[in-house]
Amino acid sequence: MKTSTGTSIIDQWSFPTLIKTEEVGESIEFIYKQSPMFVYTTFPSTQPPDRVFKIVFSCKDGKWNKSE
């Protein structure tokens with residue numbers, strides 16, 4: 001989640017850390033993890049769980065395609 005204040009954007013997640021790289025058929029999968037850099041303001045305050053995401057690169061017709 002990004003928060004906008006005027007012209008500034010604050011990224012509330014850590015820099016992605018590469019967890020795993022896999023070659024699957026004609027594609028390459030990169031799995032990343034990010035940790036939150038914020039806590040909920042409830043009592044008792046808790047930190048949201050880490051988020052994990054995957055980016056897939058595949059080669060079609062001689063061109064590399066990146067997943068969303």
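Residues numbered from 1 in each chain as written. Predicted model: local features only at pLDDT ≥ 70, side-chain atom pairs only at ≥ 80, totals over all residues. Heavy atoms only, no water.

Draft legend 1. Up close: the pairing of strand 6 (residues 63-66). Where strand 5 (residues 51-60) lies against strand 6, four bridges are found, and the strand directions are antiparallel. What sits directly across from Lys-60, in strand 6, is Lys-63. Linking strand 5 back to strand 6 in an antiparallel pair, the connection comprises two residues, with Asp-61 at a positive phi of about 55 degrees. (Pairing = 2+ DSSP bridges. Helix = DSSP H or I, 4+ residues; strand = E, 2+ residues; numbered from the N terminus.)

Draft legend 2. Molecular detail of unusual backbone geometry. A positive phi angle is found at Asp-61, which is not glycine, with a value near 55 degrees. For Asp-61, the location among the structural elements is in the loop between strand 5 and strand 6. A relative accessible area of 81% places Asp-61 in the exposed class. (Buried < 20%, exposed > 50% of the residue type's maximum accessible area, 1.4 Å probe, protein only.)

Draft legend 3. Representation of the sheet that holds strand 5 in the model. The strand order across the open sheet built from four strands is 3-4-5-6, with neighbouring strands paired in antiparallel fashion. The outermost strands of the open sheet, each flanked by one partner alone, are strand 3 (17-24) and strand 6. Strand-to-strand twist across the sheet, computed as the mean angle between neighbouring axes with direction ignored, equals 20 degrees. (Axes fitted to C-alpha atoms, helices over the stretch in contact; angles between N-to-C directions.)

Draft legend 4. Quick look at the environment of Trp-13. Examined against the element boundaries, Trp-13 turns out to sit in the loop between strand 2 (8-11) and strand 3. The spacing of Trp-13 and Arg-51 is 38 residues in sequence and 9.1 Å in space, taken between C-alpha atoms.

Note that every value here comes from positions in space, so none of it alone points to a role or purpose.
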